[in-house]
Amino acid sequence: MQRRHIALLILLALAPTPVGAQRQMENLTRGVVAVRQPNAGVYVGWRLLGTDPEGVAFNVYRQTSGGDAQRVNDGPVAGATNLVDAAAPNDASLSYAVRPVLDGRELAPCKAVAVWQQGFLEIPIDPIAGYRPGDASAADLDGDGRLDVVLHQSSRGRDNGSTGVTGTPVLDAYRLDGTRLWRIDLGRNIREGEHYTQFMVYDLDGDGRAEVACKTADGATDGVGVVIGDGEKDWRTLQPGSQRDGRVLDGPEYFTIFDGRTGAALKTVGYVPGRDPINGWGGIGGNAGNDSYGNRCDRFLACVAYVDGQRPSVVMCRGVYGRIVMAAWDWRDGELTLRWTFDTGVGRAPYTDASPYSGMGGHSLSVADVDDDGKDEIVYQAMVVDDDGRGLYSTGLRHGDAMFITDMYPDRPGMEVFSVQENEEHAEQFQTPGAAMRDARTGKILWSHSPTVDVGGGMAADIDPTHRGFEAWGGPGGLRDSDGKSIGPAPRAGGWSLWWDGDPLRELLAVGRPAWRGGPGRRGGDRADGWPTQVFKWDWSSKQDRPLAELNGVSSTGRPNLAGDLIGDWREELLLTAPDGNALRLYTTTIPTDIRLRTLLHDPQYRLGLVWQNVVYNRPCYPGFYLGDGMNTPPAPNIRLVGDGEAIRLQNEAPVDR
């Protein structure tokens, strides 16, 4: 017992000293991953946790069935949390464990993990005829410190601008071994499509287990078979030939919190706000128009934010082109409480008296502490809502399809926001720039270009070390530096970025499309397995994309099912669909790095980015610090861990003499 107390005191003495309020965060395991290399050896990576002491090092052990554990490294690994075991035997029973080393003494190991023999982890799913695997989210649903997957399976989805009857949205929960925890069918009164169901998966009450939060309606069936509302009601408009055909424009709307372990509905309340008036959601966003058939009124976004600086709230949002409403909810002690509501109000043409925040939404959002007060703001494309539910600023840039926020330029204070804007039809009169970079705190435009040009996509990432900070591209002018100056052509593979190789520059991703149509088992096209996903490195000298890796995984949306720092060290993994549609495949890099960083899952801004990544037009997430060429080591995050994961257990384990 005395030795345990000594180990705890050592850890507490060396741990970072918090300043101000601490945010509650997931208590994660080491996230060890071991992957067989194509030629020889095994790559091993693991997490440096946000609460690890600065001086912690690691020993890595391999073991075969029936054999003793053998240490792989000569001396404790004090640098980057990865290595290649070049002497690994070709044994299918091979496993690896990592033991922290503190003050020259070894602490108890984490659970050993098996080696991925195929170069990826295959996660079997329960396919549904006529459905396809879609967006996913990851969180610890059962409190064991390991991430689980919540998968949206979709059928006959429709954009809000299109008519027609859809399938019912289905949410499945899986452990990484393919064990299905539950299935939620949202029912016929929730229309299928990427603008409708935004599902938030996060530990909202701090009990160490994540909940699932989303919009529901009459007839939704939870994970234990209980029907929400009136299961007999059919509120769909069935009028073939009408602009309202297939839409749900009548009946009650609900907001439900589901138990992450079982999928059981824990609490259901009325959704805020309601859809009425249906013709009250138009404005100067998009094409500066309106409708009365249910297009603009049913565009939803959502996020999770620490608006009090310590505990998370779930924020459900409605509207992008005109009226915009956000409702922040707290899930505490089994009760769901409305914290605040932001509402730009109903506008009418010609919208001369509309709120300056009206029409400023986009098809993605982000969460960040832009004013550095310890509390999160909602970055809603062209405007920002403060932690208290009041508008912080509106740029007037209007609606767009892509937006990114992080510290992009390390030589100027604070963070920046890069966004691209639509300019269509009547909206051209506003002379809105097609792309703009702004100060995240104030909204001041740093540079912009291409007024009246409709820019459909763009990206900001550090891909060229010859220019300080991030590069940005989207619309005319190609790649641009920190001053907005054109510095050459933009990458062709610019739809997604990720950290994959060993340097802090970001790589680019081109996601393959499946051959099957309509669901698993239905094949077609020129390739039997669809088109593969490729990771590219930007060659700044030749100004071309250079292939770095090819992955045999696909996505029907052209974006990953999920991408982020899910296991291993700080670099990012890809969750893709197997070519036959009957499984998910998790890919990780096996390229060694010498950069030692804490897991991005313990950076609050990045972690919340993984939560909102499934919202509408999925986008990559970024940490709250500069991660790029010439970066400084960021400070340890000011967090406190909740639950019974490995990080807390390590503080109570006695050292192991070796």
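Along each chain, numbering runs from 1 in the same order as the chain's sequence is written. Whole-chain, interface and lining totals are the exception, using all residues; otherwise, since this is a predicted model, local features are given only for residues with pLDDT of at least 70 and side-chain atom pairs are given and counted only at 80 or more. With hydrogens and water excluded, all non-hydrogen atoms of the structure serve as input to the side-chain values.

Named according to an unreviewed UniProt entry, the protein chain is Rhamnogalacturonan endolyase YesW originating from Pirellulimonas nuda.

### Observations concerning the overall build of the protein chain
A count of helices and strands for the protein chain gives three helices and 42 strands. In summary, the protein chain has a C-alpha radius of gyration of 24 Å against a globular reference of 26 Å for 658 residues, a match within 12%. Overall, the protein chain is about 75 × 60 × 55 Å in size when its C-alpha atoms are taken along their principal axes. Here the term buried applies to any residue with accessible area under 20% of the maximum for its type, exposed to any over 50%, and partly exposed to those in between, with areas from a 1.4 Å probe on protein chains only. Of all 658 residues assigned to the protein chain, the portion counted as buried reaches 60%. Only heavy atoms matter for contacts: two residues are in contact if any of them lie within 4.5 Å across the pair. Taking contacts inside the protein chain between residues at least 6 apart in sequence as the whole, the part at least 24 apart equals 62%. The protein chains shown are the only cover counted for residues, whose accessible areas, like all others here, come from Shrake-Rupley with a 1.4 Å probe. As displayed, the protein chain has an accessible area near 23400 Å², and 47% of this comes from carbon and sulfur atoms. In this tally, Asp and Glu contribute negative charge and Lys and Arg positive charge; neither His nor the terminal groups of the chain are included. Every charge is mapped to an atom, namely NZ of Lys, CZ of Arg, CG of Asp or CD of Glu. When the 67 positive and 88 negative side-chain charges of the protein chain are each reduced to one mean point, those points stand 2 Å apart. Only DSSP runs of H or I with at least four residues qualify as helices, and only runs of E with at least two residues qualify as strands; both kinds are numbered from the N terminus onward. In this setup the radius of gyration rests on C-alpha atoms only. A globule is expected at 2.2 Å times the number of residues raised to 0.38.

### Topic: the sheet that holds strand S20 (residues 313-318)
Only strands joined by at least two bridges in the DSSP assignment are considered to pair. Pairing in this open sheet of four strands is antiparallel, and the strands run S19-S20-S21-S22 from one edge to the other. Of all strands in the sheet, those with a lone pairing partner are strand S19 (300-305) and strand S22 (335-343), marking the two edges. Strand-to-strand twist of the sheet, defined as the mean angle between neighbouring strand axes without regard to direction, takes the value 20°. Bridge analysis of strand S21 (residues 325-332) against S22 gives eight bridges, and the strand direction is antiparallel. Within the sheet, the bridge partner assigned to Trp329 lies in S22 and is Leu338. Here an axis means a line fitted to C-alpha atoms, over the contact stretch when the element is a helix, while the angle between two N-to-C directions is reported on a 0 to 180 degree scale.

### Considering the environment of Gln153
Relative to the assigned elements, Gln153 resides in strand S12 (residues 148-154). Residues Gln153 and Val115 lie 38 residues apart in sequence; the distance between their C-alpha atoms is 29 Å. At a separation of 3.2 Å, a polar atom in the side chain of Gln153 contacts the main-chain carbonyl oxygen of Asp126. Within the structure, Gln153 has its side chain in polar contact with the side chain of Asp172 (distance 2.8 Å). Polar contact is the term for a pair of N or O atoms within 3.5 Å; when the atoms are in protein, one must be able to donate a hydrogen and the other to accept it, and sequence-neighboring residues count only if both atoms are side-chain atoms.

### Examining the nonpolar core
Side-chain atoms within 4.5 Å are what join buried Ala, Val, Leu, Ile, Met, Phe, Trp, Tyr and Cys residues into a set we call a nonpolar core. Of all hydrophobic cores here, the largest spans 110 residues; its most connected members are Phe255, Met326, Ile378, Tyr380 and Phe418. Broken down by element, this core gets its largest block of residues, six residues, from S19. Residue ranges for the domains trace back to a domain assignment, done automatically or taken from a database. Two domains each donate at least three residues to this core, and these are domain 1 (23-117) and domain 2 (120-517 + 527-639). For Met326, the contacting residues outside a window of four places in its chain are Val315, Met316, Cys317, Trp340, Thr341, Phe342, Ile378, Tyr380, Met383 and Val385.

### Here we look at the sheet that holds strand S41 (residues 583-587)
As summarised here, the arrangement of the four strands in space is S10-S41-S40-S39, forming an open sheet in which the pairing is antiparallel. Looking at strand neighbours, the two that pair on one side only are strand S10 (121-124) and strand S39 (562-564), the edges of this open sheet. Along the sheet, successive strands turn relative to each other by an average axial angle of 20°, direction set aside. For S39 and strand S40 (residues 573-577), the ladder comprises three bridges, and the chain directions are antiparallel. Residue pairing in the sheet places Leu562 in a bridge with Leu575 of S40.

### Topic: the confidence of the model for the protein chain
Taken residue by residue, the protein chain gives an average pLDDT of 92. The fraction at 70 or more is 93%. Scored below 50 in pLDDT, residues 651-658 shows 24 contacts in the model against residues more than four places distant or in partner chains. Each residue carries a pLDDT score, the predictor's own confidence in it, on a scale running from 0 to 100.

### Quick notes on the environment of Ala264
Topologically, Ala264 is positioned in the loop between strand S17 (253-259) and strand S18 (265-270). On the basis of relative accessible area, Ala264 is assigned to the buried category, the value being 17%. In this structure, Ala264 is in contact with Asp222, Gly223, Val224, Ile257, Phe258 and Asp259, ignoring residues within four places of it in sequence.

### Here we look at the pairing of strand S16 (residues 211-217)
Of all seven residues that make up S16, seven are buried, and the element is covered over most of its length. Where strand S15 (residues 200-202) lies against S16, three bridges are found, and the strand directions are antiparallel. The residue of S16 that forms the bridge with Met200 is Ala213. Across seven bridges, S16 lies against S17 in antiparallel orientation. Directly across from Val212, in S17, lies its bridge partner Phe258.

### Some words on the side chain of Asp259
Its place among the elements puts Asp259 in strand S17. Exposure remark for Asp259: the relative accessible area of 11% places this residue in the buried category. Here Arg261 takes part through its backbone nitrogen, which lies 2.7 Å from a polar atom of the side chain of Asp259. Residues in contact with Asp259, not counting those within four places in the same chain, are Trp182, Arg209, Ala264 and Leu266.

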